[in-house]
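Inside the fold
This is what each chain is made of:
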Amino acid sequence: MTIPHLFRCPISLDLFEDPVTLCTGQTYDRSSIEKWLGTGNLICPVTMQKLHDPSIVPNHTLRHLIHQWLQLGPQFHPGNSATIDSLAALKHTLQSQEDDTLENKLQVLEKINVFFSGEYSSFSRSCFVQLGLLPLLLELVFGGGTIEESHVVSNNDHMKFIEIALGCIVKLLHLGYDLEALNIIKDDESKLATFVVLFEKGTITVKSSLCHIIESASSSETTQELCYVFGNTQKLVHEIVLVLVQNCDASEDAVKAILALCSLNSNRESLVREGAIEGIITYISMISSSSGNEITQIRGQNKKLVTSIAMGIVVKLLELESGRETLVSHPNGVDTLVKLVFSVKCDQDCSDSAVEALSIVCGDYMSAREQAIGAGVMTKLLLLMQSHCATTTKSKTRMLLKLLKSKWIQVPK
């Protein structure tokens, strides 16, 4: 019975006995890689990348696949062996230096992308995880040095390659791939620079995929430093805010990317400085109807949910004095919060966040109280109290009413 390529150690070429994975995403047999590392080699034998972390992690998924193959023997689905070898061949062609024309690599990448469609089994997609496709794709997209602006704009094939590669990267991340591989972006300044240029000059599809990568970076402790680097890269944050206010197909992904960056306290000052609050206020205003200020359904997307997420970001950023000052000084800042206190198409989380945000700024700024009262907040709060909102929301509403009532009494009639 022929051993599938995926089940062979790249060093010994024998069937894996104890597969383990390096930080590069490449898998080796434990005994073989330990001998390699023991001789002082601190590079990955396959990718030749320097190992910033020489630790090895057991590859339980691959072990399970090999166990299944051994148990079933001739009964192992013949298509699975063919799939393994086919995917391995595609990966080999993609990383080959012998025939590295963009046209050929684009064709290979399009074939790989097909395996992520619903008609193919999860077995096929899990094989890509074990083949170490993610580190390879990251290297192909970000590893060529800083991309020149003219090259990005003029070369359609190159942009198409990047679009498909980033799409595959996002799909691999959704499969639960070890996010450690993403750290190559922060470990190499040229890769980070390429990430920023792609966000600035890439297509809407590219920008959307990059937002998903930022989201993923915030979801694991192993990539928290990368999340910090993203959040404190001035140009990148600025570009994310620009995507947000363009109200394009990637705007919702931009909101989620900002939320991801906001998960680190150390990123929040940078977000405020680069206009996140102004951007969110502008975005909410754009997706609110002109009559009734109710959240509309634009391009078939759930703007109500995204507005709730955006308001959650505002509340987090108002923890900073700079955030509070920015919102109060914005011409539509307080008015926008008032409109979201009570609206038929706003969900309860959105109303709750609007009340909390108003409580913060009205507690600190007399001008914010005056603006809120002038915008009709008292009526909206009373309507909210009569609705079926959560107990915690009603409690916040009472406190805000009490605060504003004291101001109302002080206002000369």
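Residues numbered from 1 in each chain as written. Predicted model: local features only at pLDDT ≥ 70, side-chain atom pairs only at ≥ 80, totals over all residues. Heavy atoms only, no water.

Condition: UniProt positions are given in the numbering used here, feature names are shortened, and annotations may be inferred rather than shown by experiment.
If you look the protein up in an unreviewed UniProt entry, it shows as U-box domain-containing protein from Arachis hypogaea. Its UniProt record gives the protein a comment under Catalytic activity (unreviewed entry), which states: "S-ubiquitinyl-[E2 ubiquitin-conjugating enzyme]-L-cysteine + [acceptor protein]-L-lysine = [E2 ubiquitin-conjugating enzyme]-L-cysteine + N(6)-ubiquitinyl-[acceptor protein]-L-lysine." Under the Pathway (unreviewed entry) heading, UniProt states for the protein: "Protein modification; protein ubiquitination."

**Overview of the overall build of the protein**
Heads up, the condition is: Strands are runs of DSSP state E lasting at least 2 residues, helices are runs of H or I lasting at least 4, and numbering of each runs from the N terminus. Note that accessible areas follow from Shrake-Rupley with a 1.4 Å probe, and for residues the cover is restricted to the protein chains shown.
Helix and strand counts for the protein come out as 23 helices and three strands. As displayed, the protein has an accessible area near 19000 Å², and 51% of this comes from carbon and sulfur atoms.

**Here's the deal with helix α17 (residues 303–317)**
Counted only if it meets this: In this scheme, a helix's expected span is set at 1.5 Å multiplied by one less than its residue total. We call a residue buried when its accessible area falls under 20% of the maximum for its residue type, exposed when it is over 50%, and partly exposed in between, using a 1.4 Å probe and counting protein chains only. Contacts are residue-level and defined by heavy atoms, with any inter-residue pair within 4.5 Å sufficient.
Here α17 contains 15 residues, and its C-alpha end-to-end distance of 21 Å stays within 8% of the 21 Å for a straight helix at 1.5 Å per residue. Within α17, eleven of the 15 residues are buried, which leaves it mostly tucked inside the rest of the structure. Those residues of α17 lying buried are Lys303, Val306, Thr307, Ser308, Ile309, Ala310, Met311, Ile313, Val314, Val315 and Leu317. Buried residues along α17 sit against α14 (251–262), α15 (265–273), α16 (276–286), α18 (321–329), α19 (333–341) and α20 (348–364).

**Some points on the packing of α20 against helix α21 (residues 366–374)**
Rules: Think of each axis as a best-fit line through the C-alpha atoms, taken over the contacting stretch in the case of a helix, with angles from 0 to 180 degrees between the N-to-C directions. In this scheme, roughly parallel covers angles under 35 degrees and roughly antiparallel covers those over 145, while 65 to 115 is roughly perpendicular and the rest are oblique. Each residue receives one of three labels: charged for Asp, Glu, Lys and Arg, nonpolar for Ala, Val, Leu, Ile, Met, Phe, Trp, Tyr, Cys and Pro, and polar for the others, Gly being one of them.
The contact between α20 and α21 brings their axes to 5 Å, and the two run at 125 degrees. Classified by the angle their axes make, α20 and α21 are oblique. On α21, the residues that touch Leu358, Val361, Cys362, Gly363 and Asp364 of α20 are Met366, Ala368, Arg369 and Ala372. For the contact of α20 with α21, the residue count by class is six nonpolar, one polar and two charged.

**Quick notes on the nonpolar core**
What counts here: Here, nonpolar core means buried Ala, Val, Leu, Ile, Met, Phe, Trp, Tyr and Cys residues that are tied together by side-chain atoms lying within 4.5 Å of each other. Where each domain begins and ends is defined by an automated method or by a domain database.
Among the nonpolar cores identified, the biggest contains 125 residues, and Phe142, Phe195, Ile213, Ile214, Phe230 and Leu358 are the most heavily contacted of them. In terms of domain composition, this core takes at least three residues from each of domain 1 (5–66) and domain 2 (79–274). Excluding anything up to four places from it in sequence, Leu358 contacts Val334, Leu337, Val338, Val341, Gly363, Ala372, Val377 and Leu400.

**Description of the packing of aromatic side chains**
The geometry of an aromatic ring pair is captured by the separation of the ring centres together with the interplanar angle, meaning the angle of the planes. Let me state the cut-off plainly: For Phe, Tyr and Trp, where Trp contributes only its six-membered ring, two rings pair if their centres lie within 6.5 Å, and the inter-plane angle classes them as stacked under 30 degrees, edge-to-face over 60, or tilted in between.
Taken as a whole, this structure holds two aromatic pairs when the rule is applied. Three or more aromatic residues joined by ring pairs form one cluster here, namely Phe142, Phe195 and Phe230.

**Focus on the environment of Ile56**
Topologically, Ile56 is positioned in the loop between α1 (30–38) and β3 (57–58). It is 9.6 Å that separates the C-alpha atoms of Ile56 and Pro19, two residues lying 37 residues apart in sequence. When sequence neighbours within four positions are dropped, the list of residues in contact with Ile56 reads Val20, Thr21, Leu22, Arg30, Ile33, Glu34 and Leu37.

**What to know about the pattern of salt bridges**
What counts here: By salt bridge we mean one thing: a side-chain nitrogen of Lys or Arg within 4 Å of a carboxyl oxygen of Asp or Glu.
Enumeration according to the criterion identifies 15 salt bridges in this entry. Asp18 serves as the salt-bridge partner of Arg30, at 2.6 Å between the closest nitrogen and oxygen. Of this pair, Arg30 sits in helix α1 while Asp18 is found in the segment before β1 (19–21), placing the two residues twelve residues apart along the sequence. Exposure remark for Arg30: the relative accessible area of 25% places this residue in the partly exposed category. Close ionic contact of Asp364 with Arg324 constitutes a salt bridge, the shortest N to O distance being 3.0 Å. Placement of the pair is Asp364 in helix α20 and Arg324 in helix α18, with a sequence separation of 40 residues. A residue is classified by how much of its surface remains accessible, and Asp364, at 48% relative accessible area, is partly exposed. Judged by its relative accessible area of 16%, Arg324 falls in the buried class.

**Details of the sheet that holds β1**
Rules: Two strands make a pair as long as DSSP finds a minimum of two bridges between them.
Read from one edge to the other, the open sheet built from three strands follows the order β2-β1-β3, with strand pairing classed as antiparallel. Edge positions in the open sheet fall to β2 (27–29) and β3, since each of these has one partner strand only. Judged from the three bridges that link them, β1 and β2 form a sheet pairing that is antiparallel. When the bridges of β2 are listed, Val20 appears paired with Tyr28. Running at roughly 95 degrees to β2, α1 makes contact with β1, β2 and β3 of the sheet.

**Observations concerning helix α13 (residues 234–245)**
Every α-helix winds through 3.6 residues per turn, so residues three or four apart in the chain are directed the same way. Here α13 contains twelve residues, and its C-alpha end-to-end distance of 17 Å stays within 8% of the 16 Å for a straight helix at 1.5 Å per residue. Those residues of α13 lying buried are Leu236, Val237, Glu239, Ile240, Val241, Val243 and Leu244. Positive backbone phi, at 50 degrees, marks Asn247, one or two positions downstream of α13.

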